[in-house]
Amino acid sequence: MDSTKLAVRTQALLTKVKGNSDLGADAREAAELVAELQPVLRFLEHRYYVEQDPLVADIEYDTLFRTLKDLESRYPELIHPDSPTQRIHQGLIESFDKVEHLTPMISLDNTTNLEELRLFHISILENLGVLQAGNESQAWRTRAKDLGDTLIESAPQDDLFSESTAGDLFTNLDGADLRYNVEPKFDGAGIALLYENNALIRGASRGNGRMGDDITANIRTIRALPLTVPLQDHGIVRMEVRGEAIIRLSDFEKVNERRTQAGEAPFANPRNACAGSLRLQDPTEVDQRMLSAFIYHISYMELADGTDPIQRYPKHTDRLELLQSLGFPVPEYGPSDGIDGTYRLCQEWAEKRDSLAYEIDGCVIKVDDVATQEQLGSTAHHPRWAVAYKIAARQSTTRLLDIELNVGRTGAVTPVAHLEPVALGGVVISRASLFNFPLVQKLDIRVGDTVLVERAGDVIPHVVKTIPDLRPPEATAVIPPEECPSCQSELVWDEPAAGDEVTGKVLRCVNYRCESQRVERIRHFASRGAMDIDGFGEAMAAQLVGAALIRDVADIFTLTMEQILPLERMAQTSAENLLRAIDEARDRPCWRLLTGLGIRHVGTKVAQVLCTTYGSIHALAEAPSDDIAEIDGIGTVLAASISAWFRNPESQALLERLKTLGVRMEDPEQPSQASDALAGEIFVFTGSLERFSRQEAETVVALHGGKAVGSVSKKTTRVVAGPGAGSKLRKAESLSIPVMSEQEFLDYLDTYGIDIS
Ligand SMILES: [Zn+2]
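A. Looking closely at the overall build of the chain. The secondary structure content of the chain amounts to 28 helices and 24 strands. A globule of 757 residues ought to have a C-alpha radius of gyration of about 27 Å, and the chain, at 29 Å, matches this closely. C-alpha atoms of the chain, sized along the principal axes, occupy 85 × 80 × 60 Å. Across the 757 residues in the chain, those meeting the buried criterion constitute 49%. Counted over contacts in the chain with a minimum sequence separation of 6, partners at least 24 positions apart contribute 69%. Total accessible area on the chain stands at roughly 35600 Å², and carbon and sulfur atoms take up 49% of it. Looking at the chain, you have 78 positive and 114 negative side-chain charges, and the mean spots of the two groups are 2 Å apart.

In structure tokens, the structure reads:
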């Protein structure tokens with residue numbers, strides 16, 4: 001079924017399921033619903049985990065998922081092994097069986113510069129008999145050395161390395177095609193998946209390359225990987241694919257945050273976390289690690305009619321296309337003519353490395369033609385037709401000069417390493433996280449030590465370990481402070497989590513009026529994940545608190561032009577923009593307010609669940625703790641924390657003030673969908689709108705199947721900009737996203753017969 005139909009079906013199912021508690025009253029109706037829910041949930045998983053472009057809110061997905069789970073528990077005969085509810089095996093896996101890979105998983109040889117890439121190319125030409133080993137190839141080796149890392153600008157017709165002429169050079173190669181394909185090299189753990197009769201029947205780790213562990217139960221938790229694929233539609237009976245399990249950087253942060261909160265040592269990097277997770281014996285625990293994956297190679301394929309797969313899929317890129325059409329998460333790839341072209345592509349990957357959502361440590365260059373790959377074969381250690389290009393490591397050693405103290409929003413006082421500046425993968429860093437004091441003591445890190453630091457993507461760099469062999473005699477132990485560096489009140493140790501007396505202890509400032517905590521609370525309230533106030537970052541929060549203009553989050557809504565105009569780096573326009581952004585924040589959905597209040601353990605997702613359940617802050621505040629605890633995914637500890645927060649008189653006073661200042665405290669009733677005329681459209685409204693409010697415009701868009709979001713990204717399809725539109729408009733222009741005025745938006749709606757009033 002195509003994605004438009006599935007999208008429409010999703011909406012229809014949501015309408016059917018929402019607020020309907022007696023679904024599946026008889027077995028026939030249940031069977032029909034299950035048959036509809038399964039493909040829709042698979043489709044939503046694909047949109048979320050593979051395309052990274054969710055179609056519905058998390059909570060809507062959860063609603064459909066729970067409906068399916070409920071139906072299956074009432075009618076167990078309807079459970080299909082490939083149902084989205086069956087990803088997680090309950091119970092422990094005693095031990096992993098050893099399995100043999102259908103073809104060996106051998107590792108790649110490495111290159112680190114253009115000269116080595118050219119030498120790789122020369123050896124391929126020798127192996128194919130294009131170059132005579134001896135004088136001829138020696139001459140090219142010498143030239144590769146002389147050229148170093150210089151790309152050839154304009155090359156003679158017969159140049160072995162150049163991009164433009166490579167095609168001509170190899171046309172008389174007996175049909176051998178020497179185009180290369182360049183893909184990112186993921187920093188995760190290698191996996192091999194076997195599919196038979198459309199179903200995933202085995203997932204294995206790399207192991208020693210010949211034999212791996214059968215980790216099928218753990219692999220099934222990876223929602224980016226399909227449990228079923230329509231192989232038979234392509235005449236394929238059996239297929240083994242290779243890829244890499246990874247943890248996306250944003251998920252990695254969440255996993256580590258959860259671990260530090262639970263008193264466990266954080267993982268050093270996503271790779272270690274990923275490899276460790278695949279070996280866990282409890283798939284439920286693996287599921288918590290939020291693994292993802294990419295698939296980049298078909299290592300074995302058997303066609304129903306006995307044809308040699310090379311005839312049907314002669315190029316590696318044909319196979320990547322096939323994998324993509326089957327629903328696998330396939331990396332971005334680019335074919336290149338000539339070896340110098342591959343280097344250019346590798347450089348591009350190196351440049352965008354920091355903006356990726358996952359870690360890469362280089363690129364893989366593969367001969368695209370499969371027959372040529374087979375002709376080249378392998379050495380005892382590496383394939384001859386592929387090579388890795390490594391980009392600079394992001395680990396380095398440097399000196400720990402001092403420890404700075406950071407006071408968080410909840411008062412946690414954590415050490416930050418002040419380092420001798422060091423370049424890590426192109427960025428110079430001088431500060432790194434040390435997580436918490438007990439961990440510093442456990443790792444015996446001392447001021448003056450040489451330490452190993454690591455940086456993963458945009459995540460704050462952290463200290464991995466110390467190197468005691470290089471310790472100078474004057475190095476001093478790190479002693480936790482006794483007073484808060486901000487308000488000087490006495491610090492207390494949190495009770496450690498059960499079973500972990502070392503890393504579970506957090507040093508905390510319990511003075512609610514502490515200035516550092518105030519700044520952090522206000523910054524959190526205004527942040528993108530909460531109230532999303534444009535232009536209100538950490539520096540702004542610190543300035544406003546420092547100037548005694550605000551003391552709590554409600555004060556944000558009392559700010560006036562007279563108060564903010566004299567502030568540093570503030571001009572008339574920026575002040576107007578800030579006040580407008582603050583004013584707009586009054587009308588945010590309730591979950592944003594709830595997230596912004598900073599109740600412990602209440603993040604975006606929990607806030608969304610709570611607001612959908614209760615519909616207003618008032619109803620949630622009145623709800624008994626037991627009642628909240630019954631919501632799926634909340635539990636008693638969290639419910640108690642929420643309920644305690646709302647019982648606190650200071651919280652109640654804060655909410656009352658926010659309400660008086662015009663901050664929205666309830667969500668409007670969800671109107672049911674009127675049409676899907678705007679399906680697939682993602683709107684951003686910016687600037688001041690005169691003929692309708694932003695809220696009205698967003699409602700109309702949603703009512704007709706479109707989406708309205710707060711910030712411009714590549715996925716945005718249209719931007720509606722009124723007077724005073726700033727950074728969002730500029731971003732839309734830089735991404736060439738169509739921009740319309742208010743009137744053009746009304747005309748546009750009119751073409752669909754939609755009237756905003
Ligand atoms: Zn303090």
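B. Spotlight on the environment of Ala 304. Inspection of the secondary structure assignment puts Ala 304 in the loop between strand S8 (292–303) and helix H11 (309–312). Its relative accessible area of 56% is what places Ala 304 among the exposed residues. The spacing of Ala 304 and Leu 322 is 18 residues in sequence and 16 Å in space, taken between C-alpha atoms. If we skip the residues at most four places from it in the chain, Ala 304 touches Gly 235 and Val 237.

C. Spatial organisation of the coordination of the zinc ion. The zinc ion binds to the protein through Cys 484 (SG), Cys 487 (SG), Cys 509 (SG) and Cys 514 (SG); the donor distances cover 2.2 to 2.4 Å. In this structure, the zinc ion is coordinated by 4 donor atoms arranged in tetrahedral fashion, with angles at the metal of 99 to 115 degrees. Going along the chain, you hit the donors of the zinc ion in the pattern C-x2-C-x21-C-x4-C. Linking Cys 484 in the loop between strand S18 (476–477) and strand S19 (491–493) with Cys 509 in strand S20 (residues 507–509), this pair joins segments that are 25 residues apart in sequence. The same class applies to Cys 484 as to Cys 509, namely buried.

D. Here's a closer look at the confidence of the model for the chain. In this model, the chain carries an average pLDDT of 87, and 93% of its residues clear a pLDDT of 70 or more. Below pLDDT 50 for its whole length, residues 498–502 participates in 5 contacts with residues either more than four positions away or in separate chains.

E. Structural context of the state of the cysteines. Counted by the stated rule, this structure contains 0 disulfides. Not part of a disulfide, Cys 274 finds its nearest cysteine sulfur in Cys 363, a span of 19 Å. Judged by its relative accessible area of 0%, Cys 274 falls in the buried class. As a non-bridged cysteine, Cys 611 has Cys 590 as the owner of its nearest cysteine sulfur, 5.1 Å distant. A residue is classified by how much of its surface remains accessible, and Cys 611, at 6% relative accessible area, is buried.

F. The packing of helix H1 (residues 3–17) against helix H2 (residues 27–50), seen in detail. It is at 10 Å that the axes of H1 and H2 come closest, and there the two elements cross at 120 degrees. Relative to H2, the element H1 lies oblique. The way H1 lies across H2 gives a crossing that is left-handed. Residues Ser 3, Leu 6, Ala 7, Arg 9, Thr 10, Leu 13 and Lys 16 of H1 touch H2, and the partners they reach there are Leu 33, Glu 36, Leu 37, Pro 39, Val 40, Phe 43 and Leu 44.

G. Main features of the pairing of strand S11 (residues 386–390). Within S11, 4 of the 5 residues are buried, which leaves the element mostly enclosed by the surrounding structure. For strand S2 (residues 110–111) and S11, the ladder comprises 2 bridges, and the chain directions are parallel. Bridge pairing in S11 links Thr 111 to Tyr 389. Sheet topology places strand S10 (residues 360–367) next to S11; 5 bridges connect them, and they run antiparallel. Within S11, the position partnered with Val 364 by the bridge is Ala 388.

H. Region of the structure containing the domain arrangement of the chain. Domain annotation of the chain identifies domain 1 (3–86), domain 2 (395–496), domain 3 (515–660) and domain 4 (682–751). In this complex, domain 1 contributes 4 residues to the contact, which on the side of domain 3 involves 5 residues. In terms of surface lost to domain 3, no three residues of domain 1 exceed Asp 58, Ile 59 and Arg 66, which account for 83% of the buried area on that side. One can count 0 salt bridges joining domain 1 with domain 3. The interface formed by domain 1 and domain 3 includes 0 residue pairs in polar contact (both at pLDDT 80 or more). In the side of domain 1 that touches domain 3, the residues fall into 1 nonpolar, no polar and 3 charged.

I. Expanded view of the packing of helix H16 (residues 515–526) against helix H17 (residues 538–546). It is the contact of H16 with H17, at a shortest axis distance of 9 Å, that shows an interaxial angle of 135 degrees. If you check the angle between H16 and H17, you find them oblique. The way H16 lies across H17 gives a crossing that is right-handed. Contacts from Glu 515, Arg 518, Val 519, Glu 520, Ile 522 and Arg 523 of H16 reach H17 at Glu 538, Ala 541, Ala 542, Val 545 and Gly 546. Here the residues of the contact of H16 with H17 sort into 5 nonpolar, 1 polar and 5 charged.

J. Looking closely at the pairing of strand S3 (residues 180–186). The buried count for S3 comes to 7 of 7 residues, which makes it a mostly enclosed element. The pairing of S3 with strand S9 (residues 334–336) spans 3 bridges and is antiparallel. Following the sheet pairing, Tyr 180 is matched in S9 by Ser 336. Pairing between S3 and S10: 7 bridges, direction antiparallel. By the bridge assignment, Phe 186 is partnered in S10 with Ile 360.

Cut-offs applied
- Residues numbered from 1 in each chain as written.
- Predicted model: local features only at pLDDT ≥ 70, side-chain atom pairs only at ≥ 80, totals over all residues.
- Heavy atoms only, no water.
- Helix = DSSP H or I, 4+ residues; strand = E, 2+ residues; numbered from the N terminus.
- Rg over C-alpha atoms; globule rule 2.2 N^0.38 Å.
- Buried < 20%, exposed > 50% of the residue type's maximum accessible area, 1.4 Å probe, protein only.
- Contact = heavy atoms within 4.5 Å.
- Areas by Shrake-Rupley, 256 points an atom, 1.4 Å probe, with all protein chains shown as cover.
- Lys, Arg positive; Asp, Glu negative; His and termini not counted.
- Charge placed at Lys NZ, Arg CZ, Asp CG, Glu CD.
- Donors = N, O, S within 2.8 Å, 3.2 Å for Na, K, Ca; no water.
- Tetrahedral: all angles 85-135°; square planar, octahedral: opposite > 155°, others 65-115°.
- pLDDT = per-residue confidence, 0-100.
- Disulfide = S-S within 2.5 Å.
- Axes fitted to C-alpha atoms, helices over the stretch in contact; angles between N-to-C directions.
- Parallel < 35°, antiparallel > 145°, perpendicular 65-115°, else oblique.
- Left-handed = near helix turned anticlockwise from the far one by under 90°.
- Pairing = 2+ DSSP bridges.
- Domains from an automatic or database assignment.
- Buried area = accessible area lost by both parts, 1.4 Å probe.
- Salt bridge = Lys/Arg side-chain N within 4 Å of Asp/Glu carboxyl O.
- Polar contact = N/O pair within 3.5 Å; in protein donor to acceptor, adjacent residues only side chain to side chain.
- Nonpolar A, V, L, I, M, F, W, Y, C, P; charged D, E, K, R; others polar.

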